[in-house]
Amino acid sequence: MRISPKKYAVAFCEAVWDAKEKDKSAIIDNFVKLLTKNNVLSSAGRIMTEIEKYWQEKEGQTPVNLVISRPLSEKFFHDIKEQLSDKLKREVVLESKEDEKLLGGLILRFDDILLDGSVRGQLDNLHNKLL
Amino acid sequence: MSDTKNHIIEALKKQISAFQAEVTVEKVGTIVELGDGVAKITGLSNAMALEMLEFPNKIFGVVLNLEEDLVGAVILGDYTEIKEGDLVKSTGRVLEVPVGDDLIGRVIDPLGRPKDGKGVIKAEKFYPVERIAPRVIEREPVNSPLQTGIKAIDAIIPVGRGQRELIIGDRQTGKTALAIDAIINQKDENVICVYVAIGQKESSIAKTVAKLEEFNAMAHTIVVACSASESASLAYIAPFAGCSMAEYFKDQGRDVLIVYDDLSKHAAAYRQISLLLRRPPGREAFPGDIFYLHSRLLERACKMNKEQGGGSITALPIIETQAGDISAYIPTNVISITDGQIYLESDLFYQGIRPALNVGLSVSRVGSAAQAKAMKKVAGKLRLDLAQFRELAAFMQFASDLDKSTQAQINRGLRLTEILKQQQYCPMAVEHQVAILYAAVNGFLDDIEVNKMKDFENGFHEYLDGQGKNLLKSVKKTKEITEQSETELKDMISDYKKIFQS
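These numbers were taken from a predicted model, which means no experiment stands behind them. (Residues numbered from 1 in each chain as written. Chains lettered and ligands numbered in written order. Predicted model: local features only at pLDDT ≥ 70, side-chain atom pairs only at ≥ 80, totals over all residues. Heavy atoms only, no water.)

Enquirer: In this structure, what is going on with the overall build of chain A? I would like to understand it.
Expert: Along its length, chain A carries five helices and four strands. Listed by position from the N terminus, the elements making up chain A come as α-α-α-β-α-β-β-β-α. In terms of overall size, chain A is more extended than a compact globule, its C-alpha atoms giving a radius of gyration of 20 Å where 131 residues would be expected to give roughly 14 Å. If you line up chain A on its principal axes, its C-alpha atoms span 60 × 35 × 25 Å. Per-residue burial for chain A yields a buried fraction of 32% across its 131 residues. At a minimum sequence separation of 6, the contacts of chain A that also span at least 24 residues come to 61%. (Helix = DSSP H or I, 4+ residues; strand = E, 2+ residues; numbered from the N terminus. Rg over C-alpha atoms; globule rule 2.2 N^0.38 Å. Buried < 20%, exposed > 50% of the residue type's maximum accessible area, 1.4 Å probe, protein only. Contact = heavy atoms within 4.5 Å.)

And the structure:
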């Protein structure tokens, strides 16, 4: 049977999560050996992303992508983080990016939801509506 | 001038002030794998099967696979502009195509976008591409004929409105020609035609459209074109889209004729998509649901009952065989789905028998119920005579050693075969068909040389048009040969024979 990257990730995380500090390097060693044996080292990249995702989920964190048009104050980031954590009832890890094309406003993305509150998005909407 | 300018500005202002800026919430995913028109996407947790997806640059795609944490989608359009990591938005709508009267006379792609440069198409409605076929309760048995205008077909393998009749044969046997003739013949029959070209050469599509225009047939025809250079996903959608466009007219209570040219290429396109989506291959590498793909498409051809408006969709799917092998996978599938097949053979084609119809292997399982009485009268005898002729054809070389009755059978058969030949783009009205077949079947033409049959036929039709107007009218109106018209017809035949032989 083919084992999906997600299954590898889950198995690895569960094994490492409760392991004692001294056992951890042995687990990692074994995991890599298993990957080599099953000939899936080529998809190690996918497995790594899955591990990261699963780990964050297990720690109760949600990665949130934030796109803004220009540099903003620390306080702004703090406020956004606070509000989002409040709404999502989870800890938020904010990753921000600047993009001048946005003109103003911001775009938030977490899980598979995209909140578009940018001026560019509004203009696109207006454009579609007028056509 | 300034008035209109002010008006436009006013309208713009109104629209802009009415526009409310709000945050849009969208379900998105990210492409993780991309190639050959197929994308694997993470996210999109609420995606539906057959949902439309929006890729960057306004390119659309369709969800075909729903997996544990991935969504498999095909891209409808140019997939070279899309790259891994791109954002994909879900639209919340299943794949739809525009339908309506505006499509008539147009050449469009499977998504309803114009291909003929005749401007924008204003759609009245959108129909989903995949629709469930009408249920038993809403249907009615096939009860009226769809005249193809081809003598051999209308007489021997009649097609009824709401029937599915397969046209099958090798390459270059005149399959498309037959379908085009049928479309041309619907000019005065109040039938809308949809011609779906799947995976054909751009040049042959252009040729077909030009021919349809030449014979004024575009006025009642929609051409859904997907050429060989377009992506397999569009080819896969094409017949379903064409069928949805046909269903719009059916729902209005009108009769529609739809031609799928051809389903073997459609099957190949679907095979490509399925293999790229890593669905397990079966016989001839086709996926397991290839039968269901065609059966659900052809099941949408139907004759609705009076309460449902009485519309109908007649389907003429076309299948191309390799070296006459009708026992390959796709041909057997489609033969078993349809209500009969028109089998064309290259041997006959090269012998000059065109349409190259193999009368022995061609059948129509429901159409004869819908045949006009006049035609039924001549067709029964014709079928029998041709069958007997086929039995005896092997002895043709020893014609001089045979007894009288066998010789007569062979002679009759030769003449009937000659009569059933018909030029391309020359569909014939039923009353003319009945008249000439009546003459042939009842032995009035047995004393005319075989090589003069064509001249006789042409002349006879002209003579009928001139002298037998009333007779033609009465046959057309009553759809029957009454005793009176029979004697009239006999007189006509003998009169013309005298003229012809002198």
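There's more to say after this.
Enquirer: I would appreciate a short explanation of a nonpolar patch on the surface in the present structure.
Expert: On the surface, L130 of chain A together with I8, L12 and I16 of chain B cluster together to form a nonpolar patch covering roughly 330 Å² of accessible area. For the nonpolar patch, the element with the most residues is helix α1 (residues 2–18) of chain B, which contributes three residues. Inspection of the secondary structure puts I16 of chain B in helix α1. Accessibility expressed as a relative area gives 43% for I16 of chain B, which makes it partly exposed. (Patch = residues over 30% accessible without salt bridge, like charges linked within 9 Å, V, L, I, M, F, W, Y side chains within 5 Å. Areas by Shrake-Rupley, 256 points an atom, 1.4 Å probe, with all protein chains shown as cover. Salt bridge = Lys/Arg side-chain N within 4 Å of Asp/Glu carboxyl O.)

Enquirer: Help me understand the domain arrangement of chain B in this model?
Expert: Often the size quoted for an interface is simply the accessible area lost on bringing the parts together. Residue and element names in this part refer to chain B. Domain annotation of chain B identifies domain 1 (24–93), domain 2 (98–370) and domain 3 (374–501). Put simply, the middle of domain 2 and the middle of domain 3, counted by C-alpha atoms, are 31 Å apart. On the domain 3 side, the residues contacting the 25 residues of domain 2 number 23 residues. Taken as a group, K151, A155 and I156 account for 33% of the area that domain 2 buries against domain 3, more than any other trio of residues on that side. For the salt bridge of E457 with K151, the shortest nitrogen-to-oxygen distance reads 2.5 Å. Remark: the boundary between domain 2 and domain 3 carries 10 residue pairs in polar contact (both at pLDDT 80 or more). Elements with a contribution of two residues or more to the side of domain 2 that touches domain 3: α2 (151–156) and α3 (175–184). (Domains from an automatic or database assignment. Buried area = accessible area lost by both parts, 1.4 Å probe. Polar contact = N/O pair within 3.5 Å; in protein donor to acceptor, adjacent residues only side chain to side chain.)

Enquirer: Teacher, can you tell me more about the packing of aromatic side chains here?
Expert: By convention here, two paired aromatic rings are described through the distance between centres and the angle between planes. Residues and elements named next belong to chain B. In this structure the tally under the stated criterion is 18 aromatic pairs over all chains. Between the aromatic rings of Y438 and F444, the centroid separation amounts to 6.2 Å while the plane-to-plane angle is 25°, which identifies the pairing as stacked. Accessibility expressed as a relative area gives 5% for Y438, which makes it buried. By relative accessible area, which is 22% here, F444 ends up partly exposed. In this structure an aromatic cluster arises from ring pairing among F456, F460, Y463, Y496 and F500. In this arrangement the basic side chain of R131 is found over the ring face of Y127, its NZ or CZ atom lying 4.3 Å from the centre. Of note, R354 hangs over the ring of F349, and the distance from its end group to the ring centre comes to 4.1 Å. (Phe/Tyr/Trp six-rings, centres within 6.5 Å; stacked < 30°, edge-to-face > 60°. Lys NZ or Arg CZ within 6 Å of the ring centre and 35° of its normal.)

Enquirer: Any chance you could explain helix α4 (residues 74–88) of chain A here in plain terms?
Expert: All names here are of chain A. Taking 1.5 Å of rise per residue, 15 residues should cover 21 Å, and α4 covers 21 Å from first to last C-alpha, within 8% of that figure. What α4 keeps buried is the set F77, I80, L84 and L88. The buried residues of α4 all sit within an arc of 65° when viewed along its axis, so they share a single face. Along α4, exposed side chains directed more than 90 degrees from the buried face belong to E74, K75, E82, Q83 and D86. For α4, the elements touching its buried residues are β1 (61–68), β2 (91–98) and β3 (105–110). (Expected span 1.5 Å × (residues − 1). Arc of directions from axis to C-beta.)

Enquirer: Would you explain the interface of chain B and chain A in this entry?
Expert: Contact with chain B, which involves 24 residues of that partner, is made by 15 residues of chain A. When the area that chain B buries against chain A is broken down by residue, the three leading residues are F19, T24 and V28 of chain B, summing to 29%. Linking chain B to chain A there are two salt bridges. K6 of chain A is the salt-bridge partner of D69 of chain B, the closest N and O atoms lying 3.4 Å from each other. Counting across the chain B and chain A interface gives seven residue pairs in polar contact (both at pLDDT 80 or more). Of all the secondary structure elements, the ones that give two or more residues to the side of chain B that touches chain A are α1, β1 (24–35) and β6 (87–94) of chain B. Per-element accounting of the side of chain B that touches chain A gives the leading share, eight residues, to β1 of chain B. Partitioned by chemical class, the residues of the side of chain B that touches chain A number 10 nonpolar, seven polar and seven charged. Pairing analysis gives four bridges linking strand β4 (residues 113–118) of chain A to β1 of chain B, with the strands arranged antiparallel. When the sheet's bridge partners are listed, D116 of chain A is paired in β1 of chain B with T24 of chain B. (Nonpolar A, V, L, I, M, F, W, Y, C, P; charged D, E, K, R; others polar. Pairing = 2+ DSSP bridges.)

Enquirer: Explain the pairing of strand β11 (residues 191–200) of chain B to me, please; I cannot follow it from the model alone.
Expert: Each regular strand shows side chains that alternate between the opposite faces of the sheet. All names here are of chain B. Taking burial as the measure, the 10 residues of β11 include 10 buried ones, the bulk of the element. Where β11 meets strand β13 (residues 255–261), seven bridges bridge the pair, whose relative direction is parallel. Within β13, the residue paired with A197 across the bridge is D261. Strand direction decides the pairing type here: β11 and strand β12 (residues 221–227), joined by seven bridges, are parallel. Bridge pairing in β12 links Q200 to S227. Running through helix α4 (residues 202–214), the crossover from β11 to the neighbouring parallel element β12 is right-handed. (Right-handed = clockwise from strand over helix to strand, strands pointing away.)

Enquirer: Explain the side chain of S264 of chain B here, please?
Expert: Along the chain, S264 of chain B turns up in helix α6 (residues 263–276). A distance of 2.6 Å separates the side chain of S264 of chain B from the side chain of D262 of chain B, its partner in a polar contact.

Enquirer: Just checking my understanding: could you explain the state of the cysteines for this structure?
Expert: Covalent bonding between the sulfur atoms of two cysteines defines a disulfide. Residue and element names in this part refer to chain B. All chains considered together, the criterion is met by zero disulfides over all chains. Free cysteine: C226, not disulfide-bonded; nearest cysteine sulfur from C243 at 16 Å. Looking at C226, the relative accessible area reads 0%, which means it is buried. With no disulfide of its own, C302 has C243 as its nearest cysteine by sulfur position, at a separation of 8.3 Å. (Disulfide = S-S within 2.5 Å.)

Enquirer: Sorry, what's going on with the confidence of the model for chain A here?
Expert: Segments scoring low in pLDDT should not have their predicted coordinates read at a detailed level. Model confidence for chain A is summarised by a mean pLDDT of 87, while 99% of its residues fall at 70 or above. Here helix α5 (residues 119–130) of chain A is the element of chain A with the lowest mean pLDDT, 82, and helix α2 (residues 21–37) of chain A is the one with the highest, 90. (pLDDT = per-residue confidence, 0-100.)

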